[in-house]
Amino acid sequence: MIYLDSAATSLQKPKEVPLAVSRAMSMMASPGRGCHRPAMMAADCVLNCRMLLASYFNAGEPENVIFTFNATHGLNIAINSLVSKGDKVVISGYEHNSVTRPLKALGAETFIAKSRLFDKYDALEAFKQALPGAKCAVCTHVSNVFGFILPIREIAGLCRELSVPLVIDASQSAGILPVDFKELGAAFIAMPGHKGLLGPQGTGVLLCGHDTKPVLFGGTGSNSADSLMPDFLPDRLEAGTHNVSGVAGLAQGLRFIMSKPKNAISRHESGLCRAFAEKTRGITGLKMFLSENFSAQAGVISVMSDRIASDELAERLGKEGICVRAGLHCSPLAHETVGTAEQGTVRFSFSPFNTVAEVSYAADTLKKILNKP
Amino acid sequence: MLHYLLMCRSLTYAQRASRALERIGISAIITKAPKSATGQGCNYCVKVSEKNLTRSIAALVDAGLGPTKVFLVTGEGSVSEVPG
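As the structure is a prediction and not an experimental result, all values here were calculated from the model. In every chain, residue numbers begin from 1 and rise along the written sequence. Working convention: letters from A go to chains and numbers from 1 go to ligands, in the order in which they are written. For this predicted model, a pLDDT threshold of at least 70 governs which residues receive local features, and a threshold of 80 or more governs which side-chain atom pairs are given and counted, while totals over whole chains, interfaces and linings are taken from all residues. Side-chain figures throughout are based on the complete set of non-hydrogen atoms in the structure, without hydrogens or water.

## Some remarks on the overall build of chain A
Right, so step 1: Scanning chain A from terminus to terminus reveals 12 helices and 13 strands.
Right, so step 2: For 373 residues, the compact-globule estimate of 2.2 N^0.38 gives 21 Å, and the C-alpha radius of gyration of chain A, at 21 Å, lies within 12% of that figure.
Right, so step 3: Burial statistics for chain A: of 373 residues in total, 60% are counted as buried.
Right, so step 4: On chain A, the mean spot of the 37 positive side-chain charges and the mean spot of the 33 negative ones are 4 Å from each other. The helix count covers DSSP runs of H or I at least four residues long, the strand count covers runs of E at least two residues long, and both are numbered beginning at the N terminus. The size measure is the radius of gyration over C-alpha atoms, and the globule rule it meets is 2.2 Å times the number of residues to the 0.38 power. Whether a residue is buried, partly exposed or exposed follows from its accessible area with a 1.4 Å probe, protein chains only, as a fraction of its type maximum: under 20%, in between, or over 50%, in that order. When charges are counted, Lys and Arg contribute as positive and Asp and Glu as negative, whereas His and the chain ends are disregarded. The atoms used to mark charge sites are NZ of Lys, CZ of Arg, CG of Asp and CD of Glu.

Below, the structure written as C-alpha cells:
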C-alpha cells in the first residue's frame, strides 16, 4: 500500500507519536482537574506542547496557543470571533468548506478574491481590489486541492496596511512551509495537528492574536464559580477535557519536524512532485495541474482524465494499492475557481515519509490504468 | 510553618510561574487555591516559603507572571489575603 493522501491526514508518523499517545493514555488524567500526579502530568504535557508550538510558530506567549479538535474547529472560533451577520468578508477562491460554511451560517457577505491558479501576482491583486471596506479576510496558505501556495506574506501585509484582521488557514502548510505568526501579524492562524504536524487525528491548533469569542462553553478547571467563561486564554477557548493523548502525540510530531533542517520537508515534497510530474508526463488524456517550476506549489498534485471519471480513477488506483482522494475535496470553491467542479480531480498528496520509489510506482500505476484500452 | 500562596490567573500561568521560580532555585509547588479564600473555586496557586516571598514576587513580575493575589497560610491552616 502506498499512501498519497496526506493532504487529508498524514498516515505515517514518527514512531515516537504512537508511543507518546499510549503513554499519555495509561499515565495521564486531565489538566486543571486536580493537583494529583496524573492530572499534573497531563498539565505538564499540555503546557510543554503549547510552549513548543509557540516557539515553532513564533506566537509569543504559550497562552496564545489554543488546542482544538482540528483546523475546522479553530477556523470556526476565529470566524465567530470576528464576523457578524452582514459583514463583508474577503476570502480567496481556494477556500475549504471549513471557511465558507461558517461564513454562510453567520450570514456574512462573502466576497471572493478570485485569481488564476498558481498566479501569486493575480491572487495579491484580487485581494488588493477586494479588501477595502472588509470587516475581515480569510485566506488559505496552500490550496488543499491544487497545492497552490498563496502569497500569504504579501496578503497579510495588505491586511495590516488596511487594518483588516486576517484569518489564515494553515491546514496544508503548518509543519511544511514557514509560518511565522508575529511576522504575518494575523488575527488568527488555524491548523490541524494531524497533517503536516504529524500528530494524531483529533488534534488542532489555533494561534490567537485578537479578542476571542468561544464557540464551546463549559468547564475549564478555572473560576468555576463564575457562570461565564474565563476572560483569559487558553481557558476561554478550551472548555471540556483536553485530548491529552493527542496533544502528547502532537508534541512528538512537532519535535520530529523541528529536528529536520529548515525547509527540508518542503524540499523533499517538492522533489516528489517533480518526480511524479516527470514520470506522468505525456500520458494521453491526463490533465495535470502544475505550477511552473513548482515555485507556487506545495506537495499536492491534482489530475483529471478525459476518459475516466475522477472517482473511478481513484477507485482503480485504490485497487492497485495507491491511496488517493477524488472528488471536490470539501473545497467546491477551489474547483469552481479552476473550472473542475463538474468532474472533480484526483489528488496525490505527499508526506515526509513518501519516497521517490513510491511516487514513481504510483505514476507507473496511473499510466497503466490510463493506457488500458 | 508559615507559607504563602501566590494565586495565578490559570493553571497555565501557575505552571509557568512554578517553572520560572524553580529555575532560580525557589521551590514552588502548584496547589489549588482554597475556595474559602478566593470565592471563585478551581483556581491555582504556587506555594512558596516565607523566606522566598519577596524574591518570588519580584521574579514573577519580571517574567510577566505576577500573582493576582497573595495569601498567607499559617501553621494552623488559617488563610488570609495579604494586602497588595
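## Some details on the overall build of chain B
Right, so step 1: Looking only at helices and strands, chain B features 3 helices and 5 strands.
Right, so step 2: The N-to-C order of helical and strand elements in chain B reads β-α-β-α-β-α-β-β.
Right, so step 3: Taking 84 residues into account, the globule formula puts the C-alpha radius of gyration at 12 Å, and chain B, at 11 Å, falls close to it.
Right, so step 4: Expressed as lengths along the three principal axes of its C-alpha atoms, the size of chain B is roughly 30 × 25 × 20 Å.
Right, so step 5: Should any heavy atoms of two residues lie within 4.5 Å, those residues are considered in contact. Taking the contacts inside chain B whose residues are at least 6 apart along the sequence as the reference set, 63% of them involve residues at least 24 apart.
Right, so step 6: Accessible surface computed for chain B: about 4200 Å², of which carbon and sulfur atoms make up 53%.
Right, so step 7: Averaging the locations of the 10 positively and 5 negatively charged side chains of chain B gives two centres separated by 10 Å. All accessible areas in this document rest on Shrake-Rupley with a 1.4 Å probe, and a residue is counted as covered only by the protein chains that are shown.

## What about the packing of helix 2 (residues 37-56) of chain A against helix 1 (residues 11-23) of chain B?
Right, so step 1: Only the stretch in contact is used when fitting a helix axis, every axis being a line fitted to C-alpha atoms; angles between N-to-C directions are given from 0 to 180 degrees. Where helix 2 of chain A meets helix 1 of chain B, the axes come as close as 10 Å, and the angle between the chain directions of the two elements is 85 degrees. It follows that helix 2 of chain A is roughly perpendicular to helix 1 of chain B by the angle criterion. The segment helix 2 of chain A lies against helix 1 of chain B, with A:Met40, A:Ala43, A:Asp44, A:Leu47, A:Asn48, A:Arg50 and A:Met51 engaging B:Leu11, B:Thr12, B:Gln15, B:Arg16 and B:Arg19.
Right, so step 2: Residues belonging to the contact of helix 2 of chain A with helix 1 of chain B are distributed by class as follows: 5 nonpolar, 3 polar and 4 charged. Working rule for angles: under 35 degrees goes down as roughly parallel, over 145 as roughly antiparallel, 65 to 115 as roughly perpendicular, anything else as oblique. Under the scheme applied here, ten amino acids are nonpolar (Ala, Val, Leu, Ile, Met, Phe, Trp, Tyr, Cys and Pro), four are charged (Asp, Glu, Lys and Arg), and all others, including Gly, are polar.

## What about the sheet that holds strand 1 (residues 3-8) of chain B?
All names here are of chain B.
Right, so step 1: A pair of strands is considered paired only if DSSP assigns at least 2 bridges between the two. With antiparallel pairing, 5 strands are arranged side by side in an open sheet as 2-3-1-4-5. Each end of this open sheet is capped by a strand with a single partner; those strands are strand 2 (29-32) and strand 5 (79-81). Strand-to-strand twist of the sheet, defined as the mean angle between neighbouring strand axes without regard to direction, takes the value 35 degrees.
Right, so step 2: Taken together, the 6 bridges between strand 1 and strand 3 (residues 44-49) define a ladder with antiparallel strand orientation. Pairing of Leu6 across the sheet is with Val46, part of strand 3.

## Describing the sheet that holds strand 12 (residues 325-327) of chain A
All names here are of chain A.
Right, so step 1: In space, the 4 strands of this open sheet follow the order 9-10-13-12, with antiparallel pairing throughout. At either margin of the open sheet sits one strand with a lone partner, and together these are strand 9 (286-289) and strand 12. Taking the axes of each pair of neighbouring strands and ignoring which way they run, one obtains an average angle of 25 degrees across the sheet.
Right, so step 2: Inspection of the sheet shows strand 9 paired to strand 10 (residues 300-305) by 4 bridges, in the antiparallel sense. For Phe289, the partnering residue across the bridge sits in strand 10 and is Ser302.
Right, so step 3: Set on the sheet, helix 9 (residues 264-280) makes contact with strand 9, strand 10 and strand 13 (345-349); between it and strand 9 the angle comes to about 160 degrees.
Right, so step 4: In the packing of helix 10 (residues 310-319) onto the sheet, contacts are made with strand 10, strand 12 and strand 13, and the angle to strand 13 comes to roughly 40 degrees.

## What to know about the environment of A:Lys104
Right, so step 1: With respect to the secondary-structure elements, A:Lys104 resides in helix 4 (residues 97-106).
Right, so step 2: Residues A:Lys104 and A:Phe294, spaced 190 residues apart in sequence, show a C-alpha to C-alpha distance of 33 Å.

## Observations concerning the pairing of strand 2 (residues 65-68) of chain A
Residues and elements named next belong to chain A.
Right, so step 1: Across the two faces of strand 2 the burial is the same, with Val65 and Phe67 and Ile66 and Thr68 all buried.
Right, so step 2: Here strand 2 runs beside strand 8 (residues 204-208); their pairing, made up of 4 bridges, is antiparallel. Bridged to Phe67 within strand 8 is Val205.

## With respect to the interface of chain A and chain B
Right, so step 1: On the chain B side, the residues contacting the 25 residues of chain A number 17 residues.
Right, so step 2: Counting each side, the surface lost to burial between chain A and chain B is near 1600 Å², with a carbon and sulfur contribution of 53%.
Right, so step 3: Once two parts are put together, the accessible area they lose, assessed with a 1.4 Å probe and summed over both, is termed the buried area. The three residues of chain A that bury the most area against chain B are A:Cys35, A:Leu47 and A:Glu63, which together make up 27% of that side's buried surface.
Right, so step 4: For this analysis, a salt bridge means a side-chain nitrogen from Lys or Arg found within 4 Å of a carboxyl oxygen belonging to Asp or Glu. Where chain A meets chain B, there are 3 salt bridges.
Right, so step 5: With a shortest N-O distance of 3.3 Å, A:Asp44 and B:Arg19 are connected by a salt bridge.
Right, so step 6: The definition of a polar contact used here is a pair of N or O atoms within 3.5 Å, where within protein one atom must be able to donate a hydrogen and the other to accept one, and adjacent residues in sequence count solely through side-chain atom pairs. The tally of links from chain A across to chain B stands at 9 residue pairs in polar contact (both at pLDDT 80 or more).

## Some thoughts on the layout of surface pockets
Residues and elements named next belong to chain A.
Right, so step 1: Lining residues are defined by having an atom within 4 Å of a point belonging to a cavity or pocket. Those points lie on a 1 Å grid over the protein atoms alone, cavities being sets where a 1.4 Å probe fits but cannot get out and pockets being open sets with protein on both sides within 12 Å along at least five of seven lines. Grid points are joined across faces, edges and corners, and a volume is the space filled by probe spheres set on the points. For the largest pocket, the calculated volume is near 450 Å³.
Right, so step 2: As for the largest pocket, its lining consists of 21 residues, and the residues nearest its centre are Leu177, Pro178, Val179, Lys262 and Asn263.
Right, so step 3: Within the residue set of the lining of the largest pocket, elements represented by two or more residues are helix 6 (152-161), helix 7 (181-184), helix 8 (244-258) and helix 9.
Right, so step 4: For the second largest pocket, the calculated volume is near 260 Å³.
Right, so step 5: Around the second largest pocket, the lining comprises 23 residues; the ones closest to its centre are Thr72, His96, Ser98, Ser171 and Lys195.
Right, so step 6: Here the lining of the second largest pocket gets 3 residues from one element, more than from any other, and that element is helix 3 (residues 71-82).
Right, so step 7: In terms of residue class, the lining of the second largest pocket is made up of 8 nonpolar, 11 polar and 4 charged.

## Focus: the nonpolar core
Residue and element names in this part refer to chain A.
Right, so step 1: The set of buried Ala, Val, Leu, Ile, Met, Phe, Trp, Tyr and Cys residues whose side-chain atoms join them within 4.5 Å is what this entry labels a nonpolar core. Counting residues in hydrophobic clusters, the biggest one holds 70 residues, and the most contacted among them are Leu53, Phe127, Leu131, Ile189, Met191, Leu197 and Leu207.
Right, so step 2: Every residue in contact with Leu197, bar those within four places of it in the chain, is listed here: Leu53, Tyr56, Phe57, Ala174, Gly175, Met191, Pro192, Leu250, Gly253, Leu254 and Ile257.
Right, so step 3: Met288, Val303, Ile308 and Ile369 belong to the second-largest nonpolar core, a separate cluster that totals 28 residues.

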